[in-house]
Each structure stands twice: as structure tokens, then as C-alpha cells.
Amino acid sequence: MTFRRTLGATLFAFTALSSVPALAQVEIQWWHAMTGANNDVVVKLAEDFNASQKEYKVVVSYKGSYPDTMNAGIAAFRAGNAPHIMQVFEVGTATMMAAKGAVKPVHQLMADAGEKFDPKAYLPAVAGYYSTSKGEMLSFPFNSSSSVMWINNDAFRKAGLDPAKPPKTWPDLFDAAKKLRAAGHDKCGFASAWITWLNIEQFSVWHNVPLATRSNGIDGFDTELKFNSPLHVKHLQNLVDLQKDKTFDYSGRTNTGEGRFTSGECPIMLTSSGFYGNVKANAKFEWSNAAMPYYPDAAGAPQNSTLGGASLWVMGGKKAEEYKGVAKFFTFLSDTDRQAQLHTVSGYLPITLAAYEKVKASGFYKANPYLETPILELNNKPPTENSRGLRLGNMVQMRDVWAEEIESALAGKKSAKDALDSAVKRGNEMLRAFERTVTR
Amino acid sequence: MEKRVTFDGKLLPYALLLPQLLVTIIFFYWPAIQAVYQSFLIQDAFGLSTQFVWFENYTLLFSKPEYFHSLLTTLVFSSVVAFLSLSISLLLAVQADKHIKFASGYKTLLIWPYAVAPAVAGVLWLFMFQPSLGLVSQAIRTLGFEWNPLLDGNHAMALVVMAATWKQISYNFLFFLAGLQSIPKSVIEASAIDGASPLRRFWTITFPLLSPTTFYLLVVNIVYVFFDTFGIIDATTGGGPAKATETLVYKVFHDGRLGGDLGGSAAQSVILMVMVIGLTAIQFRFVEKKVQY
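Residues numbered from 1 in each chain as written. Chains lettered and ligands numbered in written order. Predicted model: local features only at pLDDT ≥ 70, side-chain atom pairs only at ≥ 80, totals over all residues. Heavy atoms only, no water.

1. Brief notes about the overall build of chain A
In step 1: Looking only at helices and strands, chain A features 20 helices and 10 strands.
In step 2: The C-alpha atoms of chain A give a radius of gyration of 23 Å, which matches the 22 Å a tight globule of 440 residues would have.
In step 3: Principal-axis analysis of the C-alpha atoms gives chain A an extent of 75 × 55 × 45 Å.
In step 4: Taking all 440 residues of chain A together, the buried fraction comes to 59%.
In step 5: For chain A, restricting intrachain contacts to residue pairs at least 6 apart in sequence, the fraction spanning at least 24 positions comes to 76%.
In step 6: For chain A, the accessible area works out to roughly 18,000 Å², and carbon and sulfur atoms hold 56% of it.
In step 7: Between the mean site of the 49 positive side-chain charges and the mean site of the 43 negative ones, chain A shows a separation of 3 Å. (Helix = DSSP H or I, 4+ residues; strand = E, 2+ residues; numbered from the N terminus. Rg over C-alpha atoms; globule rule 2.2 N^0.38 Å. Buried < 20%, exposed > 50% of the residue type's maximum accessible area, 1.4 Å probe, protein only. Contact = heavy atoms within 4.5 Å. Areas by Shrake-Rupley, 256 points an atom, 1.4 Å probe, with all protein chains shown as cover. Lys, Arg positive; Asp, Glu negative; His and termini not counted. Charge placed at Lys NZ, Arg CZ, Asp CG, Glu CD.)

2. Some remarks on the pairing of strand E3 (residues 85–89) of chain A
Residue and element names in this part refer to chain A.
In step 1: The buried fraction of E3 is high, at 5 of 5 residues.
In step 2: Alternating positions in E3 separate into two faces, Ile85, Gln87 and Phe89 on one and Met86 and Val88 on the other, with burial throughout.
In step 3: Where strand E1 (residues 26–32) and E3 come together, 2 bridges link them in parallel fashion. The residue bridging Trp30 from the neighbouring strand is Ile85, located in E3.
In step 4: Bridge analysis of E3 against strand E10 (residues 308–315) gives 5 bridges, and the strand direction is antiparallel. In the sheet register, Val88 faces E10, and the bridge partner there is Ser311. (Pairing = 2+ DSSP bridges.)

3. Remarks on the nonpolar core
Residue and element names in this part refer to chain A.
In step 1: Membership of the largest hydrophobic core comes to 142 residues, with the highest contact counts inside it found for Phe190, Phe330 and Trp402.
In step 2: No other element matches the 9 residues that helix H19 (residues 395–410) contributes to this core.
In step 3: A domain split of this core shows at least three residues from each of domain 1 (21–145 + 308–367) and domain 2 (147–304 + 393–438).
In step 4: When neighbours within four sequence positions are excluded, Trp402 is seen to be in contact with Thr196, Ile200, Glu201, Leu211, Leu225, Phe227, Leu392, Met395, Ala423 and Gly427. (Core = buried A, V, L, I, M, F, W, Y, C linked by side-chain atoms within 4.5 Å. Domains from an automatic or database assignment.)

4. A closer look at the environment of Ala164 of chain B
Residue and element names in this part refer to chain B.
In step 1: If you trace the backbone, Ala164 turns up in helix H7 (residues 153–181).
In step 2: The exposure class of Ala164 is buried, given its relative accessible area of 0%.
In step 3: Separated by 69 residues in the primary sequence, Ala164 and Ile233 place their C-alpha atoms 8.8 Å from one another.
In step 4: For Ala164, the contacting residues outside a window of four places in its chain are Phe77, Val81, Tyr224, Thr229 and Ile232.

5. Considering the sheet that holds strand E7 (residues 191–192) of chain A
Residue and element names in this part refer to chain A.
In step 1: Taking strand neighbours across the sheet as the criterion, the 4 strands line up as E7-E8-E6-E9 in an open arrangement whose pairing is mixed. Only two strands of the sheet have a single partner each, and these edge strands are E7 and strand E9 (287–290).
In step 2: Of the strand pairs in this sheet, strand E6 (residues 147–152) and strand E8 (residues 268–272) are connected by 5 bridges, and their pairing is antiparallel. Bridge pairing in E8 places Ser147 opposite Ser272.

6. A few points about the packing of aromatic side chains
In step 1: Here the structure, examined in full by the defined rule, presents 52 aromatic pairs over all chains.
In step 2: Geometrically, the ring pair formed by Phe261 of chain A and Phe285 of chain A is edge-to-face, given 5.5 Å between the ring centres and 85° between the ring planes. One end of the pair, Phe261 of chain A, is in helix H12 (residues 259–262); the other, Phe285 of chain A, is in the loop between helix H13 (276–282) and E9, with 24 residues separating them in the sequence.
In step 3: With a relative accessible area of 0%, Phe261 of chain A lands in the buried category.
In step 4: Aromatic side chains Phe40 of chain B and Phe52 of chain B sit 6.0 Å apart centroid to centroid with 55° between the ring planes, which places their arrangement in the tilted category. Here the residue Phe40 of chain B occupies a position in the loop between helix H1 (11–38) and strand E1 (41–43), and Phe52 of chain B occupies one in strand E2 (residues 50–52), the gap between them amounting to 12 residues.
In step 5: With relative accessibility at 14%, the residue Phe40 of chain B sits in the buried group.
In step 6: On the basis of relative accessible area, Phe52 of chain B is assigned to the partly exposed category, the value being 42%.
In step 7: Three or more aromatic residues joined by ring pairs make a cluster, and in this case those are Trp30, Phe49, Phe117, Tyr122, Phe140, Phe142, Phe329, Phe330 and Phe332 of chain A. (Phe/Tyr/Trp six-rings, centres within 6.5 Å; stacked < 30°, edge-to-face > 60°.)

7. Some words on helix H14 (residues 320–334) of chain A
For an α-helix, the turn length of 3.6 residues means that residues three or four places apart are oriented alike.
In step 1: With 15 residues, H14 of chain A extends 21 Å from end C-alpha to end C-alpha; this agrees with the ideal 21 Å at 1.5 Å per step.
In step 2: Those residues of H14 of chain A lying buried are Glu322, Tyr323, Gly325, Val326, Ala327, Phe329, Phe330, Phe332, Leu333 and Ser334 of chain A. (Expected span 1.5 Å × (residues − 1).)

8. Some remarks on the pairing of E9 of chain A
Residues and elements named next belong to chain A.
In step 1: Neither face of E9 is open: one carries Trp287 and Asn289, the other Ser288 and Ala290, and all of them are buried.
In step 2: Sheet topology note: the E6/E9 ladder contains 4 bridges and is antiparallel. Residue pairing for E9: Ile151 is matched across the bridge by Ser288.

9. Some points on the domain arrangement of chain A
Residue and element names in this part refer to chain A.
In step 1: Here the domain parsing of chain A yields domain 1 (21–145 + 308–367) and domain 2 (147–304 + 393–438).
In step 2: Between domain 1 and domain 2, the contact holds 13 residues from the first and 14 residues from the second.
In step 3: Buried surface at the junction of domain 1 and domain 2, summed over both partners, amounts to about 1,100 Å²; 62% is from carbon and sulfur atoms.
In step 4: On the domain 1 side of the interface with domain 2, the three residues burying the most area are Val91, Ala98 and Ser145, jointly 36% of the side's total.
In step 5: With its nearest N and O atoms 3.3 Å apart, the salt bridge here joins Arg399 to Glu90.
In step 6: The interface formed by domain 1 and domain 2 holds 2 residue pairs in polar contact (both at pLDDT 80 or more) in total.
In step 7: When contributions to the side of domain 1 that touches domain 2 are tallied by element, the ones reaching two or more residues are helix H4 (93–98) and helix H15 (336–346). (Buried area = accessible area lost by both parts, 1.4 Å probe. Salt bridge = Lys/Arg side-chain N within 4 Å of Asp/Glu carboxyl O. Polar contact = N/O pair within 3.5 Å; in protein donor to acceptor, adjacent residues only side chain to side chain.)

10. Focus: the state of the cysteines
Residues and elements named next belong to chain A.
In step 1: In total, this model carries 1 disulfide over all chains according to the counting rule given.
In step 2: Each disulfide pairs two cysteine sulfurs, and for Cys188 the partner residue is Cys266, the sulfurs being separated by 2.1 Å. Handedness of the Cys188-Cys266 disulfide follows from its S-S torsion of about 115°: it is right-handed. You can see Cys188 sitting in the loop between helix H8 (170–182) and E7 and its partner Cys266 sitting in the loop between H12 and E8, a full 78 residues away along the chain. (Disulfide = S-S within 2.5 Å.)

And the structure:
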């Protein structure tokens, strides 16, 4: 019985295979770095696309963390078998942009494939980050986020604070953290994930002070770091002082410390808005989020925030019909309903204006204001040359160097000023090395 | 007449050697030559632009204090781990060699950690010593000691030293035990009859007779700490905080893979290669000749 059934199935498969050679599907490889709930989102997107048409088949592969995925893609390119679509985190943008010939710019891809494509349909803060200064979109925005302040409402009330009035400025935040510390959170008043992204990169942008010259590197590779200004030194000095009694507690370079918020240990956590899914699933207390704090004496603060997250890069050297499939897939992703749904499920930003307007009109943000916080931050003010975004080469390694220096300062081995001076000096050396490899 | 099998062909010996030669060339010489060649190049991550620069990657490396810091870290790390793992395993081996109950049970249990992959060992230790969640670190905190390997370089170093030592003890234990069992019992009995105390018997008879094993293990341990502790460091500290646990091998990985600086990374590998060649040469010279029974 079983044998006969297997035989039947095999025969059927053979006939099915042999009868449709003309309709062979074009496979499109998509390498990504999403885990947990976000991995499900990626898989579902590919399944929906594959079900929506018959010509193309998107095949997703998880390749590890963001740096892992990027390195896997680069290694595959060197070996001549790169994927069609590769998800690259925002700090890899400069490296990918510099790799002319290794990537196919999205605006060109869409034009070649004859797909309808209007860069103006995308949120300016999002599209701008992944476009040249001429406005040509190079990579396709996928999961975008910004940094926000997550708050444990229950802990706030216990400490006599009002969660409806979250701290607006850094001094307010420090006061709140001291009160929380006195109310039992003696190991961690507040913490920050992605220590450099929050406290150097977003910090500079939000206060409208340059992180680096040449519009933070967007206007050219001959950029120099500038984040050892008095404002930056003051902020790091504050963190160093507060680290001593754990009003602030250092929680690592990446987002591994985020669990300290959901476990209830740290009542305030500065991190990505993409933390939403995790908070929703794991926090056993009432929570909310608010905009990042600023120093009130800094002129022009708060400015606007900039992006985190990742975009999809199309690799070069593929067949025209494969590119056509990729273009079709991007059109599929840009669909308003799909974007609106992705946004409300994953917590990542909607990438098109139409999707944002749709969600807004539905009244969704009244019940879920924390999903709008990052969008309001991004659009807070028209961007200046200090707040358009950043595009620095060797950024992955540079972040580690900056984090090392911050760690030295927090451990009391260096003064805040020395640490930032050294971070700038070492970072500049890396920028020069990058400039040298890309400008030949 | 004597019957002797002779092989006249010139080709046959080479043909018999060929598989081994091929394996050596493909998996050892070819990558090594690639690394040397790569260390003379400056290249972008994608390999789109390449420039031949002779020794610039090396001069750049030696002009950076970070490299010497990493070298120092490696020396401290390897000497501490080698000393601790050798002495602890010698102590355990001497104890297990005695006539005690369940001796074979102890021996088996002591060998187990060797089967644990380095990265898994790292994660195990991280779970115990992670500052906010780790069980052991919570215990340490209740004793009033501020344990924080995320920020304090010495704490982080202590953590990787513990994990690396624990991992290596089994291997050393096995060799020491074998070495102890090959020491003739009659010599020890003779000195016992002469009235030598157990401690004196150990230092004047057992320890010198173990010296070939000890020396072999010393070299093996140093090579282990140089290269195989990568997984432990990557899983527990990631080389941090502030490079406090960044060994030479971790730096090769960090610069080459995360930083995309293949030339500089290759130059570092070549230097490491020279170090290992040196260590191996010393081992052959001394193990074969100088260490005497």
C-alpha cells in the first residue's frame, strides 16, 4: 500500500516535472539576518510572493547575525556565487556603496526591468539614507527603525514617577534613574543597548552636532570624525559618573543587554524601536516608550533622529530575467497594504508614505502610540547636514573601537575626554584606510 | 641466497607518498602561501581593487600600540593558562594515580570536559558568570564583591582564563596519568624504604621522571592557548572590554572578518605562523635531545 502510494507519487512527480519544462521557475536567492518573529515575517513574505505568481521563486536563507550575513555575502561574491538579494545593516551601507560593480543600484534595477518606481513614494528619512546625494536609490529599504527610550511603567509608579510624563531631557532622565535606583533598582537605574549607536551616532544627530565632517560622510569619503566636542565629552562624563553607583549600568556593545529591560531589572532602556516585538512578547509589566532625551542647553536640540535597521542590496552580475524577478519582488514589498501590515506586526517603520498615512488614518496609533514614536523622531525637523544620516566606511570595526574607548572611560581607566579623543583619532585612521581602498 | 623484496621503480615511492603530499599541499601549503601573498596586498572587502604594497601591512601593524597590547595579552593569557592547567591537572593525576575507591570513575569524569567544544565551554562559563543573570556571579555579589566582566578587564581575563584552563585540564590529566603509570614502582618503593616523605619522593623522583611529558604538554598547551581558545573568547567576551581579552588569533579574526582588512589580517597570520614554526622547532629540539630521564 505504502509502496504503491510512493510509486504513484514518484510517477506523478516525474510527469509533473517533465511536462512543465517551459515554465521552469527563476530562483531568486535572498540572504537575511532576521531571527525569531522577524524570521517568520521574512519567510511569510517569500511564501506570499511565490504564491502570488508562477514565474519566480524567492528562496530565503538565514545567514546569522548582520555582520555574519554581510561577510557571507562578500565571501560568496569573491567566490562568484553571491545571492541576488542580501540584507545589509545600516552601518554596512558605505561599504556596499563603495563596491561599484559588486552591486546593482535599485533605481537602475527598476528602470531596466520596466517596473513602476517612484522614489518619492518612500518616507524621505528612509529613502534618503539609502540614496546618493542625487537622490538615486541604491538599496531597497526593508526593516527600518530608530532609537527610542523604553519605559517600565510599573517601576515608574513604584518610584513615585508618572509614566505619562516620561523624562524629556538627559538631566530629567538622570533624576528619574536615581529615584528608580532608590526604589529598589539598585543594580541598574537605566541602561543603553548599542552603546555607540545611541550615545555617539544618534546622540550627535539628535543634537544637531556633527559626528563627522562632509555631512557625516555622505558627501565624500574624505570625512573626519568630530565627536570629541564638549557636548559629547559632557555626556560621556555623566555616564561615567552615574556608572559608579549603577544609576547607569553598561550593558554591552550590541543588544544582548536588552533582556535586562524585559526581565524588569533595568526600568529604562535606550535601544531600537525594533525591540517592540520582544517587549510585547516577554515583558510581564506595563510598558511604554518615548523619544530619546536631549540636553536642553544644546542649541537646536532635539533635531531629528536617523535610521537603524537594514536594507536589501541587489548583487551584480546576474541574469536579466533574474533581475526582473527581483524588481517584481520589490514592487510586491512596496504594496501599501503589505507595508501597513508589516509595520503593525513587526514594529519596524512603514517604508512608504501611503502605508504610514493608511495606518495613521485607521486610528492605530491612538491605541499604539509607541509605534509612532520613531516616526515622529525621524520627522521631528527637516534634516540638516548633521542629521541626514551617516555613511562611514569600516563602520563595523570602527564601532568596536569606539565602544572600546567608552568601556575604558566607564571602567575609570581614561578620562572621558581622552577616551573620545582616542576614539576619534583611531577612527580617522580607519577612515583613511577605507578611503585608500575605495578611491583607486 | 637471501630473498629480498626490492622495488626498482622510481615512481612507486612517489606514488605512495602522493595522497599525503596532496593533502599537505592543498590544506597546508596552499593556504599558507595565499596568506603570505595576501599580506603584501591592500584590498577592499569585495576584492574589486588590489594594490601590491610589499611590507606596508607589516610596518602599519608594528606602528600600532594595539598590536603590542594584543601580544602582551596573549603572553599573559597563555602563561597563566598553561601554568594553571598544568599544575592543576598534575595534582589531579597524582591523586587519581593513588589506590583509592572509584579511581576509574574519577578518571572518566575528569576526562569528560575535553569532549566539550570550545564555544560551548565559553557559553557554559558565560551562563555562570554573566554579571546580571549568571548564577555564580549572583553568589559572588551577595558576598559583596562587585563582579563585572563587561567593564572590568581583569574580571573578563579571569573569566576566559578559568574557561580555557578548565577545558585543557582533561587533556593534560590524561597525559600526566599515563606518564605516572610508566614510572617504575620499584624506584619509588626503594626511596620509601630509605625513609623519603611522599612530598620528597614526588619532587626528587616523580617530577623529574615526568619532565618529558611536562615539556611536551607545555608546548601543546601554549599552542592550544594561542589558537584553540578562540571559540571561548568569542563566546564569552568577544575580545572586550576595551581589548582586555583580545589575543593575537582573535585580532586576526576581528580585523579580517569583521573589519574587512584582509591584508592586515593576513600579515598577522603570517607572524603567528612564524611563531608556531618557532615553537615546533623548539619542541623537536628539546623533547628529542635535552630533556633527559
